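# Inside the fold
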Amino acid sequence: MKRHLLEAADLDRDDATLVLDTAAQIDQALAGREVKKLPTLRGRTVVNLFYEDSTRTRISFELAAKRLSADVINFSAKGSSVSKGESLKDTALTLEAMGADGVVVRHSASGAPHRLANWVRGSVVNAGDGTHEHPTQALLDAYTIRQRLGRLDGVRVTIVGDVLHSRVARSNVGLLHTLGAEVTLVAPPTLLPVGVGSWPAHVGYDLDAALPKSDVVMMLRVQAERMNASFFPSAREYSRRYGLDARRMAALPDDAIVMHPGPMNRGMEIAAEVADSVRSTIVEQVANGVSTRMAVLYLLLGGSPQ
Amino acid sequence: MARSPDPARSTPPGSAPGTLLSSADVARVVDRMAHQLIERAASLRPDDGSDQADGGLADLVLVGIPTRGAPLARRLAARIEAFTGVAVDVGTADITLYRDDLRLRGVRALEPTVLPDDGIDGRLVVLVDDVLFSGRSVRAALDALRDLGRPRSVQLAVLVDRGHRELPIRADFVGKNVPTSRAQQVRVHLAEVDGVDEVLVTERDAE
């Protein structure tokens, strides 16, 4: 495995499978235990470097690191030296001087984790950079699919919504393709990126046509700031054409599942009754996030530092 | 066959390379260990008056250390059942995440950790492994057990004790004591994993 996890393409099929298998073993080992803590990363330091607001991803990484007994330092841009104008590089050098073994970074600028990886000796894990990638989200999604459906090879995954601005979609297309799944993107033409034709995925504009051929439907969050930026005429129209409601859910094959990376807008891209149905894996995804990130931290930080 | 290894015997030059135990030898050794476990379970049964009929075996849990400790534990349980008619609980505890040599030897894939439904609290746990060498795997297994519950007693059963301990750990049940030099390797092959039952001593040159 590579030393950093910056994008889905850093994982080949064997690496990705190793992460998922490791997460499954960790899950099984910790199930029903009173002491949900392992000594594996004792004495290692993980810095959560968050330049963008995030609740679930930061907490998930923090919990993952703590369950492996690493020391965790949370650094958020607000109320830190960043608000005094410190550059990413200077912050990185500071962390380096303090001896961070791993840096988990979220940044609004695509590519920030790549830059960071050149400045620090520890492993860098991308926890979301701009509209680029969010590889651990893709790993936990793949883990959830495999857990529910028992396989990834040949699974038909339909990703619906704002693909243009979605790092979750980008990472998922890459990773799911690596793992042998068949990905279809469904979105209004204005919310598909230029060059989507070269992605390893089918592209469609009609959700109703895609649903009967989907084993997994992954709904992307409609980001509030996009609603007013003329990417689509109105929230109601978006919801009618691309929202997943009970009627559309009924068109899915019997064992199909519904996923959402969260936080979701109930009533917008996903109806409340769909989000709360037995097909929905939204709560499992959160739980799986912790074990998947434990697997990533173990595999990146557990061994010798080069 | 000595119960505990004599330090003077486990120093170089070691055993001659070759097959130490054949398939029939492994079966015989496993049978003997199963009998010893039955006796031990009887002598260590809880004195609360319960479960007297099964000779304390209901209290026993065999916990295999992957990779080869796991099938070994299942075999011991099968032999105990064949001798007594009592089905003994079996589990596996992966110790990878508890090892102290990950930094030296790098990370590796994990194996399953599965405990019986009743857990291990208050029970007689016997850790089962194929080879006892430095004792570091056993130390890691003891740490893992501490997180998994609180057994009444923990004992250790190994198919082969090859000496060279680096920690104050000894086995309670030993299939065979084998004097080796540090340069040698002891390889246990089990049908479940390797397709054949045998124990080999080789000079370390493969790695």
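Residues numbered from 1 in each chain as written. Chains lettered and ligands numbered in written order. Predicted model: local features only at pLDDT ≥ 70, side-chain atom pairs only at ≥ 80, totals over all residues. Heavy atoms only, no water.

Moving on to the pairing of strand β6 (residues 182–186) of chain A. Residues and elements named next belong to chain A. In terms of burial, β6 is largely enclosed, as four of its five residues are buried. Regarding the hand of the β-α-β motif, the stretch spanning strand β5 (residues 156–160), helix α6 (residues 167–178) and β6 is right-handed. Both β6 and strand β7 (residues 202–204) contribute to a ladder of three bridges, which runs parallel. Pairing of V186 across the sheet is with G204, part of β7. (Buried < 20%, exposed > 50% of the residue type's maximum accessible area, 1.4 Å probe, protein only. Helix = DSSP H or I, 4+ residues; strand = E, 2+ residues; numbered from the N terminus. Right-handed = clockwise from strand over helix to strand, strands pointing away. Pairing = 2+ DSSP bridges.)

Over the atoms rolls a probe the size of a water molecule, and its path tells where empty space is left. One number sums up the size of the largest pocket: a volume of about 1,200 Å³. Of all elements in the fold, only α3 (102–105), β4 (124–132), α4 (136–148) and β7 (184–189) of chain B reach the threshold of two or more residues within the lining of the largest pocket. For the lining of the largest pocket, the element with the most residues is β7 of chain B, which contributes five residues. A breakdown of the residues in the lining of the largest pocket according to their chemical character gives eleven nonpolar, seven polar and 16 charged. Reported here for the second largest pocket is a volume of approximately 610 Å³. As for the second largest pocket, its lining consists of 25 residues, and the residues nearest its centre are R106, R167, R221, G262 and P263 of chain A. Secondary structure elements with two or more residues in the lining of the second largest pocket: α2 (56–67), α6 and α8 (224–227) of chain A. Taken together, the residues of the lining of the second largest pocket sort by class into four nonpolar, twelve polar and nine charged. Summarising the domain contributions, the lining of the second largest pocket has at least three residues from each of domain 1 (8–133 + 286–301) and domain 2 (135–281) of chain A. (1 Å grid on protein atoms, 1.4 Å probe; cavity = no way out; pocket = protein on both sides within 12 Å on 5 of 7 lines; lining within 4 Å. Points joined across faces, edges and corners; volume = space filled by probe spheres on them. Nonpolar A, V, L, I, M, F, W, Y, C, P; charged D, E, K, R; others polar. Domains from an automatic or database assignment.)

Turning next to the packing of aromatic side chains. Tallied over the full model, the rule gives three aromatic pairs over all chains. On the basis of an interplanar angle of 35° and a centroid distance of 5.7 Å, the ring pair of Y238 of chain A and Y242 of chain A is categorised as tilted. You can see Y238 of chain A and its partner Y242 of chain A sitting in helix α9 (residues 235–242), four residues apart, about one turn around the helix. For the residue pair Y238 of chain A and Y242 of chain A, the accessibility class agrees, reading buried in each case. A network of ring pairs unites the aromatic residues F232, Y238 and Y242 of chain A as a single cluster. Directly above the aromatic system of F61 of chain A lies the positively charged group of R293 of chain A, at a separation of 4.8 Å from the ring centroid. For R162 of chain B, the ring lying beneath its charged end belongs to F133 of chain B, and the centroid distance is 3.9 Å. (Phe/Tyr/Trp six-rings, centres within 6.5 Å; stacked < 30°, edge-to-face > 60°. Lys NZ or Arg CZ within 6 Å of the ring centre and 35° of its normal.)

On to the sheet that holds strand β2 (residues 60–64) of chain B. Adjacent strands of a sheet form backbone hydrogen bonds with each other and so pair up, either parallel or antiparallel. Residue and element names in this part refer to chain B. Strand order in the open sheet formed by five strands is β3-β2-β4-β5-β6, with parallel pairing between adjacent strands. The open sheet has two edge strands, β3 (89–92) and β6 (173–177), and neither has a second partner. With strand direction ignored, the average angle separating the axes of adjacent strands in the sheet is 25°. Across four bridges, the pairing between strand β5 (residues 153–161) and β6 is parallel. What sits directly across from A157, in β6, is F173. Packed on one face of the sheet, α4 meets β4 and β5 and runs near 155° to β4. (Axes fitted to C-alpha atoms, helices over the stretch in contact; angles between N-to-C directions. Contact = heavy atoms within 4.5 Å.)

Moving on, we get to the interface of chain B and chain A. Across the contact, 16 residues belong to chain B and 20 residues belong to chain A. Buried surface at the junction of chain B and chain A, both sides included, amounts to about 1,600 Å², of which 59% is carbon and sulfur. When the buried surface of chain B facing chain A is broken down by residue, L97, R103 and V107 of chain B rank first, second and third, together holding 40% of it. For the interface between chain B and chain A, the tally reads one salt bridge. With a shortest N-O distance of 3.5 Å, D147 of chain B and R33 of chain A are connected by a salt bridge. Taken together, chain B and chain A are joined by three residue pairs in polar contact (both at pLDDT 80 or more). (Buried area = accessible area lost by both parts, 1.4 Å probe. Salt bridge = Lys/Arg side-chain N within 4 Å of Asp/Glu carboxyl O. Polar contact = N/O pair within 3.5 Å; in protein donor to acceptor, adjacent residues only side chain to side chain.)

Residue and element names in this part refer to chain B. The sheet built from three strands is open, its strands ordered β1-β8-β7 with antiparallel pairing. A strand with exactly one partner marks an edge of an open sheet, and here the two such strands are β1 (18–21) and β7. Strand-to-strand twist in this sheet, taken as the mean axis angle between neighbours without regard to direction, amounts to 30°. Strand direction decides the pairing type here: β1 and strand β8 (residues 198–203), joined by three bridges, are antiparallel. Note that in β8 the partner of T19 across the bridge is L200.

As a further point, take the confidence of the model for chain B. Averaged over all residues, the pLDDT of chain B equals 90, while 90% of them reach at least 70. Scored by ipTM, the complex comes to 0.82, with pTM at 0.91. (pLDDT = per-residue confidence, 0-100.)

We now examine the nonpolar core. The biggest cluster of nonpolar side chains holds 85 residues, and the ones touching the most others in it are I145, V157, I159, L175, L176 and L185 of chain A. With nine residues, the single largest contributor to this core is helix α12 (residues 282–301) of chain A. Both domains that meet at this core, namely domain 1 (8–133 + 286–301) and domain 2 (135–281) of chain A, each give it at least three residues. Once residues within four sequence positions are removed from consideration, L176 of chain A is found in contact with A142, I145, L152, V157, A181, V183 and M218 of chain A. Residues V30, V128, V188 and V199 of chain B belong to the second largest nonpolar core, which totals 33 residues. (Core = buried A, V, L, I, M, F, W, Y, C linked by side-chain atoms within 4.5 Å.)

Further remarks concern the domain arrangement of chain A. Residue and element names in this part refer to chain A. Taken as a whole, chain A is organised into domain 1 (8–133 + 286–301) and domain 2 (135–281). Listed by partner, the interface residues are 31 residues for domain 1 and 26 residues for domain 2. Together, the buried faces of domain 1 and domain 2 total about 2,200 Å²; carbon and sulfur atoms form 58% of this surface. The interface formed by domain 1 and domain 2 holds eleven residue pairs in polar contact (both at pLDDT 80 or more) in total. The set of elements that each furnish at least two residues to the side of domain 1 that touches domain 2 consists of α1 (13–30), α2, β3 (102–107), β4 (123–129) and α12. Per element, the largest residue contribution to the side of domain 1 that touches domain 2 is nine residues, and it comes from α1.

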